[in-house]
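Below, each chain spelled out in residue letters.
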Amino acid sequence: MDFLNRRAEMTKYLLLYQVCYAIPSHRQLLHGDPVTVMQTFEISPYDIQVSSDVKYAMDVFRALNYNLNYEMFARLWDIGDNNSRNIMQWVLPRVRRRILKILVKAYYTFPKDKLERILFVGYAETDTGNSSEIMKEFGINIEEVANGRVTLKVVRKR
């Protein structure tokens, strides 16, 4: 039984690596090659496939699949162990870009604290924890805060 648990854990890390670290096969994707992920899953024995570790990795894949299920990804981030988060942090820049793309289309301004939480500022090992540097990467000047809100886009005068 102990061998099965270790094998399931290693399969989880392999799947997370293929999902989060591997280069996406198409620029619109947030995750690695879906064919490779599914092949790895399908060649695993049934006992491994139904383990909670492998289900977790496949849930991360589902959260990143299609456009992005932010709520599911954030929940998985919260419940993940340190090793899982270390692998998942590699997909954070792509997740942040997708979230900002959606927010910029929907809002002119957004609460600074909520924006930092949504973009996982300070959560990843690669982050300096400095939210202004992360926001500047996406063209948002977080120093310009009015009433606790950050301007996401400027209204053009006609």
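Residues numbered from 1 in each chain as written. Predicted model: local features only at pLDDT ≥ 70, side-chain atom pairs only at ≥ 80, totals over all residues. Heavy atoms only, no water.

### Thoughts on the overall build of the chain
No. 1: Check the secondary structure of the chain and you find 9 helices and 3 strands.
No. 2: Reading the chain from its N end, one meets helices and strands in the order α-α-α-α-α-α-α-β-α-α-β-β.
No. 3: Within the chain, the proportion of its 158 residues that are buried is 42%.
No. 4: In the chain, once contacts between residues fewer than 6 apart in sequence are set aside, the share between residues at least 24 apart is 61%.
No. 5: Just so you have it, the chain exposes about 9,800 Å², and 51% of that area is on carbon and sulfur atoms. (Helix = DSSP H or I, 4+ residues; strand = E, 2+ residues; numbered from the N terminus. Buried < 20%, exposed > 50% of the residue type's maximum accessible area, 1.4 Å probe, protein only. Contact = heavy atoms within 4.5 Å. Areas by Shrake-Rupley, 256 points an atom, 1.4 Å probe, with all protein chains shown as cover.)

### A word on the packing of aromatic side chains
No. 1: Taken as a whole and judged by the stated rule, the model has 3 aromatic pairs.
No. 2: With 6.5 Å between their ring centres and 35° between their planes, Phe73 and Trp77 make a pair best called tilted. With a gap of 4 residues between them, Phe73 and Trp77 both fall in helix α5 (residues 70-79), about one helical turn apart. There is no split in this pair, since Phe73 and Trp77 are both buried.
No. 3: One aromatic cluster in this structure is built from Tyr17, Tyr21 and Trp90. (Phe/Tyr/Trp six-rings, centres within 6.5 Å; stacked < 30°, edge-to-face > 60°.)

### Side note on the nonpolar core
No. 1: Among the nonpolar cores identified, the biggest contains 41 residues, and Val60, Leu64 and Phe73 are the most heavily contacted of them.
No. 2: Elements supplying a minimum of two residues to this core: α1 (2-21), α2 (34-43), α4 (52-64), α5, α6 (82-88), α7 (92-106) and α8 (112-118).
No. 3: For this core, the element with the most residues is α4, which contributes 8 residues.
No. 4: In this structure Leu64 touches Val19, Cys20, Leu30, His31, Phe73, Val91 and Val95, once residues within four positions along its chain are discounted. (Core = buried A, V, L, I, M, F, W, Y, C linked by side-chain atoms within 4.5 Å.)

### Regarding the packing of α2 against α4
No. 1: Direction vectors running N to C along α2 and α4 enclose 165°, while the axes themselves pass 12 Å from each other. When the axis of α2 is compared with that of α4, the two are roughly antiparallel. Two packed elements cross with a definite hand, and for α2 against α4 that hand is left-handed. Here α2 contributes Pro34, Val37, Met38 and Phe41 to the contact with α4, which in turn contributes Val54, Met58 and Phe61.
No. 2: Here the residues of the contact of α2 with α4 sort into 7 nonpolar, no polar and no charged. (Axes fitted to C-alpha atoms, helices over the stretch in contact; angles between N-to-C directions. Parallel < 35°, antiparallel > 145°, perpendicular 65-115°, else oblique. Left-handed = near helix turned anticlockwise from the far one by under 90°. Nonpolar A, V, L, I, M, F, W, Y, C, P; charged D, E, K, R; others polar.)

### Concerning the pattern of salt bridges
No. 1: In total, this model carries 4 salt bridges according to the counting rule given.
No. 2: Salt-bridge contacts for Asp2 lead to Arg6; the nearest nitrogen and oxygen are separated by 3.8 Å. One end of the pair is Asp2 and the other is Arg6, both in helix α1 and 4 residues apart, which spans about a single turn.
No. 3: Salt-bridge contacts for Asp53 lead to Lys12; the nearest nitrogen and oxygen are separated by 3.8 Å. Of this pair, Asp53 sits in helix α4 while Lys12 sits in helix α1, and the two are 41 residues apart along the sequence.
No. 4: Through salt bridges with shared partners, one network takes in Lys12, Asp53 and Asp81. (Salt bridge = Lys/Arg side-chain N within 4 Å of Asp/Glu carboxyl O.)

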